[in-house]
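Examination of the molecular architecture
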Amino acid sequence: MDSHRADVVICGAGIAGVAAAYHLAVRHGVERVVLVDEREPLTLTSDKGTQGYRNWWPGPDDTMLRFITRSIDIMEEMANESGNAIRLSRTGYLFATGNNAGVERLRTNAAMVSAFGMGDVREHPGADPYHPAPPDGFRDQPIGADLLLGDEVHRCFPFLTGDAKAALHVRRAGWMNGIAMGTWMLRRALGCGVEFVRDRMTGVDVDRGRVHRVRLASGATISTDRIVIAAGPMLGDVGDMLGVRLPVFHELHAKLTMRDPQRIVPRNAPFVIWNDAVNWSNVGPLPPGVHVRPVDGPFGDELYLIWTYHTAKTDAVWPPAFDPRYADIVLRGAAEMIPGLSAYLGASERGVVDGGYYCKTEENRPLIGPLGVDGAYVLGALSGYGLMGAHAGADLLAAHVTGAPLPDYARWFLPSRYEDPVYRAQIAAWGALMGQL
């Protein structure tokens, strides 16, 4: 016997599911939306990342840049509407390198992403002076990027290693408070009639090829003819309930949250990424990409440090177990880029390591749109860009569900894209790390 009826049931109350509820109910006026999750909203992986965003996506074309730019547009609308309750900032991303080949890679990639629509690239020293970002807020800032060369790097960012030869400051980038953003959307959605059900989905009944009913662990059922799978790392499990095999896999990603009482990293620093690999005798070669950023801008003294030095596919197991050496390795890697951080290498207290799973497709693009079962949709595989991509993803998902006009990039996120042999040949050359920093 059905407990009640819904026009749309959303499975998963992470940032993707909450954004889907917000866009369907608040922005599209869909009634009787039910959000189902066995956990409290935003507590599985949405609260575990570094909460950054960037209109920087080096290829293979402009698809992902346009998608994320749409998301940033909506985030800025939300920040303005909420009085910036989501703490959106524009301090930027700063990619630094200590070798000449890295300088040319920065220049080449910046030109490519500029051509995709990021904005102009300005070199310094040059005709125009470099304008640093403010420590907080997002309004009235430049777009594009600034490429700092030689002494200009150390003049503008004296905390970087003296080995740094260049740094690219991507300007329409920074971070937000992801939990505040998700909470604000959820409150608006609940105010427009969305119902949150704390329960676990155990099955989906299909009648004559169309979604008919959702079954829950409590024994309750919800009649509906539309379901959205937004289950994060559990995406594949929910797809199996529909008999749909979703082409996703998982990587475990960790981060270290540590205090910086000596203010080694200025509180107005951008999100800093070291673009060079390292090779330590007692660890071995490790890839580029150690990240450091201040937490909460000018307030407090915490830092986020992240370095994905292995990308092995893994099962999503809860709770996740992290490399016991992670805190030491990521801090040591960060000290290669910011030597002052070596002051903390001998500290007995490293901080807190947490993280979660990236749910990914092989070319690192999301799955958004209808599935093979009539009335079933997916919003997932948002990999490491869930917070920055949730708005564009939910905006696109809502268009599919309501029949609104679709942007032309919608076809590149359809689950059915893998049926095209030409596309499959393309992604074989791209690789799963496309767009990952």
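Residues numbered from 1 in each chain as written. Predicted model: local features only at pLDDT ≥ 70, side-chain atom pairs only at ≥ 80, totals over all residues. Heavy atoms only, no water.

**Remarks on the overall build of the protein**
The condition that has to hold: The way it works is that DSSP assigns letters per residue, a run of H or I at least four long becomes a helix, a run of E at least two long becomes a strand, and they are numbered from the N terminus. For this measure, only C-alpha atoms enter the radius of gyration; the expected value for a globule follows 2.2 Å times N^0.38, where N is the number of residues. Only protein chains enter the area calculation, which uses a 1.4 Å probe; residues under 20% of their type maximum are buried, those over 50% are exposed, and those in between are partly exposed. Note on contacts: a residue pair is in contact if any heavy atoms of the two residues lie within 4.5 Å. Computed with the Shrake-Rupley method and a 1.4 Å probe, the accessible areas treat only the protein chains shown as cover for residues. Positive charges come from Lys and Arg alone, negative charges from Asp and Glu alone, with His and the N- and C-terminal ends not counted. Charge positions come from single atoms, namely NZ of Lys, CZ of Arg, CG of Asp or CD of Glu.
Counting its regular elements, the protein contains nine helices and 23 strands. The C-alpha radius of gyration computed for the protein amounts to 22 Å, which stays within 12% of the reference 22 Å derived for 437 residues, consistent with globular compactness. Once the C-alpha set of the protein is aligned to its principal axes, its extents read approximately 70 × 45 × 45 Å. Among the 437 residues that make up the protein, the fraction classed as buried is 56%. A separation threshold of at least 6 residues defines the contact pool for the protein, and within that pool the share at least 24 residues apart is 74%. Surface exposure of the protein reaches about 17300 Å², of which carbon and sulfur atoms provide 50%. Put simply, the protein has 42 plus and 49 minus side-chain charges, and the middle of one group is 1 Å from the middle of the other.

**A closer look at the packing of helix α1 (residues 15-27) against helix α2 (residues 63-81)**
Filter applied, for reference: The angle between two axes is taken between their N-to-C directions and runs from 0 to 180 degrees, where each axis is a line fitted to C-alpha atoms and a helix contributes only its stretch in contact. Put simply, angles under 35 degrees are roughly parallel, angles over 145 are roughly antiparallel, angles from 65 to 115 are roughly perpendicular, and the rest are oblique. Crossing handedness is defined as follows: a turn of the near helix away from the far one that is anticlockwise and smaller than a right angle gives a left-handed crossing, while the clockwise case is right-handed. Ten residue types, Ala, Val, Leu, Ile, Met, Phe, Trp, Tyr, Cys and Pro, are classed as nonpolar, four, Asp, Glu, Lys and Arg, as charged, and the remainder, Gly among them, as polar.
In contact at an axis separation of 14 Å, α1 and α2 are set at 65° when each is read in the N-to-C sense. Put simply, α1 runs roughly perpendicular to α2. Considering the relative orientation of α1 and α2, their crossing is left-handed. Contacts between α1 and α2 involve Tyr-22, His-23 and Arg-27 from the first element and Arg-70, Ile-74, Glu-77, Met-78 and Glu-81 from the second. A class-by-class count of the residues in the contact of α1 with α2 yields three nonpolar, one polar and four charged.

**Digging into the environment of Leu-396**
Positionally, Leu-396 belongs in helix α8 (residues 386-402). By relative accessible area, which is 1% here, Leu-396 ends up buried. For the pair formed by Leu-396 and Ile-368, sequence separation is 28 residues and the distance between their alpha carbons is 7.3 Å. Beyond its immediate chain neighbours, meaning those up to four positions away, Leu-396 contacts Ile-368, Leu-406, Pro-407, Tyr-409, Ala-410 and Phe-413.

**Structural notes on the pattern of salt bridges**
Where we set the bar: Each reported salt bridge corresponds to a side-chain nitrogen of Lys or Arg within 4 Å of a carboxyl oxygen of Asp or Glu.
Within this structure, the stated rule accounts for 33 salt bridges. Of the charged contacts in the structure, one is a salt bridge between Arg-39 and Glu-38, with a shortest N-O distance of 3.7 Å. Residue Arg-39 is classed as partly exposed on the basis of its relative accessible area of 29%. Lys-255 is paired through a salt bridge with Asp-354; the nearest N and O atoms lie 2.9 Å apart. Separated by 99 residues along the polypeptide, Lys-255 in strand β15 (residues 249-259) and Asp-354 in strand β21 (residues 352-360) bring together distant segments of the chain. With relative accessibility at 2%, the residue Lys-255 sits in the buried group. Using a relative accessible area of 21% as the deciding quantity, one classes Asp-354 as partly exposed. A single network of salt bridges, built from pairs that share partners, joins Arg-5, Arg-210, Asp-225 and Asp-374.

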